[in-house]
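Chain and residue survey
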Amino acid sequence: MNPACRATYSVSETLVDCSKCGHLLDIAYDWNRVPLPGSLKQFESRWSSRRNPLDFSGVWRFRELLPFARDEQIVTIGEGQTILQSSAGVGKYAGFQTGKLLLQYEGLNPSGSFKDNGMTAASTHAHMVGAKVAACASTGNTSASLAIYSSTTRLFETIVFIGSGKIAYGKLSQALDYGAKTLQIQGDFDDALKQVRDVCAARGIYLCNSVNPFRLEGQKSIMFRVLEALNWEVPDWIVVPGGNLGNSSAFGKAFFELKELGLIHRIPRLAVINATGSNTLYQLFEQHKIRWNGGKLDEAKINGFFGQMDTDNRRASTLATAIEINRPVNLLKCLRALEVCDGVVREVSDEAILEAKAQIGAGGFGCEPASAAGVAGAKLLREQGVISPSDQVVCILTGHQLKDPTSTVAYHSVDPARLSAIATAEDDAYATMLSKAGVTQTPAANRPIVVENKFESIMALLDRIGC
Ligand SMILES: *Cc1c(COP(=O)(O)O)cnc(C)c1O
Ligand SMILES: [Zn+2]
């Protein structure tokens, strides 16, 4: 990732950062050696051979565009059967003309989040190098994904490192259920990541966090599927929540590679959406104006920013736990993607996230809070006039609704009157949780109605609500 460093490594090595300059590694291909299809349409023809697991996979159907493994080395569990869909209600909510806002629903993956797109690629590489143990640190979804690949394929053992703070129960339940060895570190995600990196280096354990460059290769396929769904027309905007910035980085890489290969002629604009309580990228990009700048970026300024963050002991905090990250590991790659895609970064409050999430739910697509940040961001950019109502916009719904039922139930069931004052909310866990996140109103809530256990009372209630 350091354009000044020309070091290269072979695909059979298991490094995540460059031993010469310390930057993350970036995958590059010699495209002249890859038998590429003449047009993107040819990938679609594989739909007719879905008994072949590689053609069935929504990632490996595009294998010539991530050509680091031989077919027989590929590890797949049928990931990437995800689709681009429209929801009239969500599009209207965010301020778009009919059919202009589309949702790429990655919650349909085997472990319920987009992470499977990357984990199939990391698992493939782990298999290629003969790894017996793999590990990751996680806010939840990475561990669920690694655990499902490990338990399904039995190719390697899995250890997941999680922080002690917030982890959504749906995600923790998956790691435990799939049999991953689960280490709960007394610290937050950033602490867990530091530990797992050191432990993996010391023990030769295969590291599966998004510092692993192969994960990003798999995640490029989310954009391939979006283009495929649009009949290979490039949309105007891609909107994605930003946490460790692996997804946004992968999307930028997908587009610049397709353009370089002459398979597309235009690159969409990219909007990366932070939660206000976890807004490192927003601060660096929009406030401190840090730019990739063709690789000549102001690293001293970035390091100064993180130094100050440590001095002030500023810690990320948001109900969108999947994007609660202090130091996004793929920051530089994301800055490169923002440059390639003429991107913007925005921050949205937890209140806006939960409202968007309820609207997405009412539109028939359950998602977890982090995913809803994308739609909240699209709405904000629409209001700011950055995106026009007639633009074709694709929001990535990164994770399934059932990942984090607690936040959903809290939003819908809490009495809004109790959100105005934290003091009165102390006795109610849900009200406390929302108040702490700065949520003061829940206009999209669908509150359960309490009714007496009596036939007549229920009938009277139904009369009252007109059912
Ligand atoms: C991991 C994750 C994110 C953040 O993605 P990055 O690639 O780390 O920016 C967003 N939403 C969900 C549901 C996730 O699991
Ligand atoms: Zn280097």
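Anyway, here's the lowdown on the structure attached to this text. Per-chain numbering applies: the sequence of each chain, read as written, is numbered from 1 onward. All chains are assigned letters beginning with A, and all ligands numbers beginning with 1, in the order in which they are written. The model is predicted, so local features are restricted to residues of pLDDT at least 70 and side-chain atom pairs to those at 80 or more, both for listing and for counting; the totals for chains, interfaces and linings are taken over all residues. For the side-chain quantities, the full set of heavy atoms in the structure was used; hydrogens and water were omitted.

**Brief notes about the packing of aromatic side chains**
Think of it this way: a Phe, Tyr or Trp ring, Trp meaning its six-membered ring, pairs with another when their centres are within 6.5 Å, and the plane angle makes it stacked under 30 degrees, edge-to-face over 60, tilted otherwise. Evaluated as defined, the whole model comprises seven aromatic pairs. For the ring pair tyrosine 29 and tryptophan 31, a centre distance of 5.0 Å and an interplane angle of 55 degrees mean the geometry is tilted. When the centroid spacing of 4.7 Å and the interplanar angle of 55 degrees are considered together, the rings of phenylalanine 68 and phenylalanine 214 count as tilted. Residue phenylalanine 68 is found in the loop between helix H2 (53–56) and strand S1 (84–86), and its partner phenylalanine 214 is found in helix H8 (residues 213–229); the two are separated by 146 residues along the sequence. Overall, the relative accessible area of 9% leaves phenylalanine 68 in the buried class. Members of the aromatic cluster, joined through ring pairs, are Phe43, Phe62 and Phe224. Remark: a charge is flagged as sitting over a ring if the NZ atom of Lys or the CZ atom of Arg is within 6 Å of the ring centre and within 35 degrees of the ring normal. A cation over a ring is seen here: arginine 291 above phenylalanine 285, with NZ or CZ 3.6 Å from the ring centre. We note lysine 379 situated over the ring of tyrosine 93; from NZ or CZ to the ring centre the distance is 5.1 Å. The secondary structure listing takes helices from DSSP runs of H or I that are at least 4 residues long and strands from runs of E that are at least 2 residues long, numbered from the N terminus. Classification of residues uses two cut-offs on accessible area relative to the type maximum, computed with a 1.4 Å probe and protein chains only: under 20% is buried, over 50% is exposed, and between them is partly exposed.

**Some remarks on the pairing of strand S5 (residues 181–184)**
At least two DSSP bridges between two strands are required for those strands to pair. With four bridges connecting them, strand S4 (residues 157–162) and S5 associate as parallel partners. Paired with isoleucine 159 across the bridge in S5 is lysine 181. Between the parallel pair S4 and S5, the chain is carried across by helix H6 (residues 169–177), and the sense of this crossover is right-handed. A crossover gets the label right-handed when its path from the first strand over the helix to the second runs clockwise, viewed with the strands pointing away from the viewer.

**Let's talk about the pairing of strand S7 (residues 237–241)**
Of all five residues in S7, five are buried; the element is thus mostly enclosed. On S7, burial covers both faces: Trp237, Val239 and Pro241 on one face and Ile238 and Val240 on the other are all buried. Across five bridges, the pairing between S7 and strand S8 (residues 269–275) is parallel. The partner of proline 241 across the bridge, within S8, is isoleucine 273.

**A short note on the side chain of arginine 215**
By the secondary structure assignment, arginine 215 is in helix H8. In this count, Lys and Arg are taken as positive residues and Asp and Glu as negative ones, while His and the chain termini are left out. Any carboxyl oxygen of Asp or Glu within 4 Å of a side-chain nitrogen of Lys or Arg constitutes a salt bridge here. An unpaired buried charge is present at arginine 215: no salt bridge exists, and aspartate 116, the closest side chain of opposite charge, is 8.9 Å distant. Polar contact is defined as a pair of N or O atoms within 3.5 Å, subject to the rule that within protein one atom must be able to donate a hydrogen and the other to accept it, and that residues adjacent in sequence are counted only when both atoms are side-chain atoms. Looking at arginine 215, its side chain comes within polar contact range of the main-chain oxygen of cysteine 208, at 2.8 Å.

**Things to note about the environment of alanine 121**
Looking at the secondary structure, you find alanine 121 in helix H4 (residues 115–128). Contacts are assigned to residue pairs that have any heavy atoms within 4.5 Å of one another. Setting aside residues no more than four positions away along its own chain, alanine 121 makes contact with Trp60, Phe68, Phe214 and Gly218.

**A short note on the coordination of the zinc ion (ligand 2)**
Coordination of the zinc ion (ligand 2) by the protein comes from Cys5 (SG), Cys18 (SG) and Cys21 (SG), over a distance range of 2.2 to 2.3 Å. The sequence pattern formed by the donor residues of the zinc ion (ligand 2) is C-x12-C-x2-C. Cysteine 18 gets classed as buried once you look at its relative accessible area, which sits at 6%. Any N, O or S atom lying within 2.8 Å of the metal counts as a donor, with the limit raised to 3.2 Å for Na, K and Ca; because water is left out of the atom set, some sites can appear incomplete.

**A closer look at the site of ligand 1**
Note on definitions. A residue lies near a molecule or strand when any single heavy atom of the residue is within 4 Å of it. Around ligand 1, a shell composed of 15 residues is seen, among which Lys115, Asn141, Gly243, Asn244 and Thr398 lie nearest. In this structure, lysine 115 approaches ligand 1 through a side-chain N or O atom, which is 2.6 Å from an oxygen atom. At 3.0 Å, a backbone N or O of glycine 246 approaches an oxygen atom of ligand 1. Contact with the protein chains removes 96% of the 380 Å² of surface that ligand 1 exposes when unbound. The Shrake-Rupley method, run with a 1.4 Å probe sphere, supplies the accessible areas, and residue values consider only the shown protein chains as cover.

**With respect to the sheet that holds S1**
Taken together, the six strands give an open sheet; going across it, the order is S1-S2-S10-S7-S8-S9, and neighbouring strands pair in mixed fashion. The outermost strands of the open sheet, each flanked by one partner alone, are S1 and strand S9 (344–348). With strand direction ignored, the average angle separating the axes of adjacent strands in the sheet is 30 degrees. Against the sheet, helix H13 (residues 350–362) touches S8, S9 and strand S10 (393–397), its axis set at about 95 degrees to S9. Between the N-to-C directions of two axes lies an angle of 0 to 180 degrees, each axis being a line fitted to C-alpha atoms and, for a helix, fitted only over the stretch in contact. Where helix H14 (residues 369–383) meets the sheet, its contacts fall on strand S2 (101–105), S7, S8, S9 and S10, and the angle it forms with S9 comes to roughly 110 degrees.

Read these as layout, nothing more, since geometry by itself doesn't imply function.
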